[in-house]
Amino acid sequence: MTKTLIEQIEEAVTKEDFDPIATQLNVEINKRQGVETIRAELLEAAETLAEKGVTTSGELDPGEGQTEAPEAEEKPEYRGRMLQHIKNKRTFPWTAALAKSRHMKEV
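Sequence order sets the numbering: in each chain, residues are counted from 1 along the sequence as written. The model is predicted, so local features are restricted to residues of pLDDT at least 70 and side-chain atom pairs to those at 80 or more, both for listing and for counting; the totals for chains, interfaces and linings are taken over all residues. Processing note: side-chain calculations cover all non-hydrogen atoms of the structure and skip hydrogens and water entirely.

Account for the nonpolar core, naming residues and giving values.
With 14 residues, the main nonpolar core has Ile 9, Phe 18, Leu 25, Ile 29 and Leu 42 as its most contacted residues. Secondary structure elements follow DSSP: runs of H or I of four or more residues count as helices, runs of E of two or more count as strands, with numbering from the N terminus. For this core, the secondary-structure elements that each account for two or more residues are helix H1 (5-11), helix H2 (15-25) and helix H3 (35-51). Residue contributions to this core peak at six residues, all from H3. What is meant by a nonpolar core is a set of buried Ala, Val, Leu, Ile, Met, Phe, Trp, Tyr and Cys residues, joined one to another through side-chain atoms within 4.5 Å. Exposure categories follow from relative accessible area, calculated using a 1.4 Å probe and restricted to protein chains: below 20% of the type maximum is buried, above 50% is exposed, and the middle band is partly exposed.

I'd like a rundown of a negative patch on the surface, residues and numbers included.
Among the surface-exposed residues, Glu 7, Glu 10, Glu 44, Glu 47 and Glu 51 lie close enough to one another that they form a single negatively charged patch. Listing elements by their share of the negative patch, those giving two or more residues are H1 and H3. In terms of residue count, H3 provides more of the negative patch than any other element does, three residues in total. Looking at the secondary structure, you find Glu 7 in helix H1. For patch detection, residues must exceed 30% relative accessible area and be free of salt bridges, and they are connected within 9 Å for like charges or within 5 Å for nonpolar side chains (Val, Leu, Ile, Met, Phe, Trp, Tyr). Values of accessible area rely on a 1.4 Å probe in the Shrake-Rupley scheme; residue burial ignores everything except the protein chains shown. Between Lys or Arg on one side and Asp or Glu on the other, a salt bridge is scored when a side-chain nitrogen of the former is within 4 Å of a carboxyl oxygen of the latter. The convention is simple: Lys and Arg are positive, Asp and Glu are negative, and His and the chain ends are not counted. Just so you know, the charge point we use is NZ for Lys, CZ for Arg, CG for Asp and CD for Glu.

Any chance you could break down the sheet that holds strand S2 (residues 91-93) for me, citing the residues and the numbers?
Pairing between strands requires that DSSP locate at least two bridges from one strand to the other. Here we have three strands laid out as an open sheet, ordered S2-S1-S3, and antiparallel in their pairing. At either end of the open sheet lies a strand with only one pairing partner, and these are S2 and strand S3 (104-106). Pairwise comparison of adjacent strand axes, ignoring direction, gives a mean angle of 35° for this sheet. Where strand S1 (residues 82-85) and S3 come together, three bridges link them in antiparallel fashion. If you follow His 85 over to S3, its bridge partner there is Met 104. Angles run from 0 to 180 degrees between N-to-C directions of axes, and those axes are lines fitted to C-alpha atoms, restricted for helices to the stretch in contact.

With reference to specific residues and values, describe H2.
Residues of H2 that are buried: Phe 18, Ile 21, Ala 22 and Leu 25. Each buried residue of H2 sits inside an arc of 105° when the element is viewed along its axis, so together they form one side. Facing away from the buried side of H2 by over 90 degrees, the exposed positions are Glu 16 and Thr 23. Residues are treated as being in contact if the distance between any of their heavy atoms lies within 4.5 Å. Residues of H2 that are buried in the fold lie against H1 and H3. Among the residues trailing H2, Asn 26 stands out with phi positive, at a value near 60°. In this context, the arc is that of the directions from the helix axis out to the C-beta atoms.

Right, dumping it as structure tokens:
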């Protein structure tokens, strides 16, 4: 017989016991927190799922609650005025403060 999520959380003793449960619930746990604090957070997440009708880990949808990170879009290249450092050749966007510097030239 499978145990409910709440029973699994209540039986966990160490922080490492909470790791698989947290991954099932898609909850990030902070290892610097105490065991009881982690337990309270996981119980809260499990109770919200229980209200939706999910009581066992087998009923959890593997993709539920996970949001895919959007792929990093390429930033458009800056097309305004640029300044270049004379010695190290690094370029910077033009600003009045940088333009006053004697080590910068406009490119």
